[in-house]
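Letter by letter, the chains look like this.
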Amino acid sequence: MVQMINSRLISYGVRQALWLVAPAAISVIGHLCFASLLLAKWEAFEEREGGPLIAANLSALNTGAPGVGPSWFLVFLPAWLAEAMVILSCVCALYGSMGVTSINPRIGHFNGMMQSTLSAAFKWNLLNRLETASGSWLLVFWPLYVAFGVQTLLHACKEADNRNRRPGFPFAASHLLAIVISFKLSGIYSYDEVSWANVLWPVWGIASFFGAALFAAICCGVPILLRRCVISHLASLLLVLFAILLAFFIPALVFAVRLTLW
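The shown structure was predicted, so the numbers you read here are calculated from the model rather than taken from an experiment.

### Points about the overall build of the protein
When helices and strands are tallied, the protein shows 9 helices and 0 strands. Sequence-ordered secondary structure for the protein, helices as α and strands as β, is α-α-α-α-α-α-α-α-α. Burial status across the protein gives 27% buried among its 262 residues. Considering only contacts within the protein whose residues lie at least 6 apart along the sequence, 59% involve residues at least 24 apart. In the form shown here, the protein has an accessible surface area of approximately 16,900 Å², with 72% of it arising from carbon and sulfur atoms.

### Focus: the nonpolar core
Considering soluble globular proteins, one finds that nonpolar side chains tend to be buried as a cluster. W72, F76, F122, L126, V140 and F141 are the most contacted members of the largest nonpolar core, which has 20 residues in total. Where this core is concerned, the elements lending two or more residues are α1 (2-49), α2 (72-96), α3 (104-132) and α4 (137-140). Setting aside anything within four residues of it in sequence, one finds W72 in contact with L38, K41, F45, T63, L127, L130 and E131. Within the second largest apolar cluster, 5 residues are counted, among which are I107, A147, V150 and L154.

### Digging into the pattern of salt bridges
Across all of its chains, the model carries 1 salt bridge by this definition. One salt bridge in this structure joins K123 and E83, with 3.1 Å as the shortest N-O distance. Of this pair, K123 sits in helix α3 while E83 sits in helix α2; the two residues are 40 residues apart in sequence, bridging distant segments of the chain. Residue K123 shares its accessibility class with E83, and that shared class is buried.

### So, the packing of aromatic side chains
One pass over the full model with this rule turns up 9 aromatic pairs. Plain terms: the ring middles of F122 and F141 are 5.0 Å apart, the flat faces sit at 45 degrees to each other, and that makes the pair tilted. Of this pair, F122 sits in helix α3 while F141 sits in the loop between α4 and α5 (142-157), and the two are 19 residues apart along the sequence. Considering the side-chain rings of W137 and F141, the 6.3 Å spacing of their centres and the 55 degrees angle between planes classify their relative orientation as tilted.

### Some thoughts on the side chain of N111
Along the chain, N111 falls in helix α3. Assessed through its relative accessible area of 15%, N111 is described here as buried. Among residues more than four places away in sequence, those in contact with N111 are V150, Q151 and L154.

### Points about the environment of C33
The residue C33 is located in helix α1 in this model. Distance in space between the C-alpha atoms of C33 and P78 is 6.1 Å, their sequence separation being 45 residues.

### Here's the deal with the state of the cysteines
By definition, a disulfide links the sulfur atoms of two cysteine residues through a covalent bond. This model, assessed by the stated rule, comprises 0 disulfides. Take C90: it sits in no disulfide, and the sulfur closest to it among the cysteines is that of C92, at 9.4 Å. The exposure class assigned to C90 is buried, which follows from its relative accessible area of 13%.

### Considering a nonpolar patch on the surface
Taken together, the side chains of F73, L74, L77, L81 and W124 present a nonpolar region at the surface, about 480 Å² in accessible area. The element that contributes the greatest number of residues to the nonpolar patch is α2, accounting for 4 residues. Tracing the backbone through its elements, the reader meets F73 in helix α2. A residue is classified by how much of its surface remains accessible, and F73, at 43% relative accessible area, is partly exposed.

### Here we look at helix α6 (residues 173-186)
With 14 residues, α6 ought to run about 20 Å at 1.5 Å a step, and its terminal C-alpha atoms sit 20 Å apart, in line with that. The set of residues buried in α6 consists of H175, A178, V180, S182 and K184. Just beyond α6, the residue with positive phi is G187, at close to 75 degrees.

### Concerning the packing of α5 against α6
At a closest axis distance of 9 Å, the pairing of α5 and α6 adopts a crossing angle of 150 degrees. In this structure, α5 crosses over α6, and the sense of that crossing is left-handed. Contacts between α5 and α6 involve L144, Y145, A147, F148 and Q151 from the first element and H175, L176, A178, I179, S182 and F183 from the second. The class makeup of the residues in the contact of α5 with α6 is 8 nonpolar, 3 polar and no charged.

Calculation criteria
- Each chain carries its own residue numbering, running from 1 in the written order of its sequence.
- Under the rules for a predicted model, residues below a pLDDT of 70 receive no local features and side-chain atom pairs below 80 are neither given nor counted, while totals for whole chains, interfaces and linings still include all residues.
- Hydrogens and waters are ignored; side-chain quantities use all the structure's heavy atoms.
- Only runs of H or I of at least four residues qualify as helices and only runs of E of at least two qualify as strands under DSSP, and these elements are numbered from the N terminus.
- Using a 1.4 Å probe on the protein chains alone, a residue whose accessible area is under 20% of its type maximum counts as buried, one over 50% counts as exposed, and one in between counts as partly exposed.
- Only heavy atoms enter the contact rule, under which two residues are in contact if any of them lie within 4.5 Å.
- Under the convention used here, a 1.4 Å probe and the Shrake-Rupley method define accessible areas, while residue burial counts only the protein chains that appear.
- Working definition of a nonpolar core: buried Ala, Val, Leu, Ile, Met, Phe, Trp, Tyr and Cys residues. They are joined through side-chain atoms within 4.5 Å.
- Salt bridge criterion: a side-chain nitrogen from Lys or Arg within 4 Å of a carboxyl oxygen from Asp or Glu.
- Only centres within 6.5 Å qualify two rings of Phe, Tyr or Trp (six-membered ring in Trp) as a pair; their planes then separate them into stacked at under 30 degrees, edge-to-face at over 60, and tilted for everything else.
- A pair of sulfur atoms, both from cysteines and within 2.5 Å, is called a disulfide here.
- Here a patch means residues that are over 30% exposed by relative accessible area and free of salt bridges, tied together within 9 Å if like-charged and within 5 Å if nonpolar (Val, Leu, Ile, Met, Phe, Trp, Tyr).
- Under the convention used throughout, the expected extent of a helix is 1.5 Å for every residue step, that is, one less than its residue count.
- What counts as an axis is a line fitted to C-alpha atoms, over the stretch in contact for a helix, and the angles between N-to-C directions run from 0 to 180 degrees.
- By definition, turning the near helix anticlockwise from the far helix through less than a right angle yields a left-handed crossing, and turning it clockwise yields a right-handed one.
- Under the scheme applied, nonpolar residues are Ala, Val, Leu, Ile, Met, Phe, Trp, Tyr, Cys and Pro; charged residues are Asp, Glu, Lys and Arg; polar residues are all the others, including Gly.

Keep in mind that these numbers describe shape and distance, not what the molecule does.
Following this line, the structure appears as structure tokens:
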């Protein structure tokens with residue numbers, strides 16, 4: 001009887017773990033497939049042009065030309081599936097948090113659902129812009145502008161804690177990037193004369209913050225824990241966590257730098 005109860009508890013725990021991990025894994029796989037298909041599309045354009053594409057000549061490139069690599073719809077399909085998985089997870093989490101006293105979890109799940117929905121709408125606008133090679137970039141980015149306003153409004157609706165602070169942030173880095181990149185592409189103000197290295201200032205600000213935080217955590221945090229006689233496996237666990245974050249941070253930073261130089 002005890003073994004049966006234990007086996008049921010283990011199977012329940014496995015199902016719960018799969019329910020938590022599977023959506024995130026599917027979302028990551030979807031975005032990886034999107035990146036792979038986008039690279040294949042880009043290489044097809046380079047093969048048609050007979051060499052590497054120059055960033056300054058992208059405006060003259062007919063991105064809607066048929067028969068060049070996979071279709072744009074196929075390229076964006078994995079990204080839409082990933083967004084749909086996030087939306088489904090947020091809907092289920094929102095339904096499960098109905099009995100929670102605090103309103104903050106429900107606001108967080110609803111915000112995640114809205115951000116993914118608007119991100120999918122942005123990708124649809126971008127698909128149409130790439131196929132037609134015409135139209136205003138401001139109209140392409142309008143879902144991300146709305147996402148900025150939605151997150152700011154929902155953040156103001158959250159309940160404050162004892163220190164009068166609300167969890168989370170009123171906007172995300174993607175919102176700032178959407179504004180500066182759309183202004184650059186549209187030629188608003190003097191962005192048409194400014195280099196991409198200056199336009200992408202939100203990326204460098206975030207990279208500096210996370211880089212300093214990881215450096216301080218690895219060089220100072222773990223030794224302090226060990227000196228205070230904290231359990232060694234806890235310090236080792238934190239060190240592994242920092243190493244994983246560093247493994248994500250360095251490739252992302254290298255990618256941003258190389259893309260900006262290009």
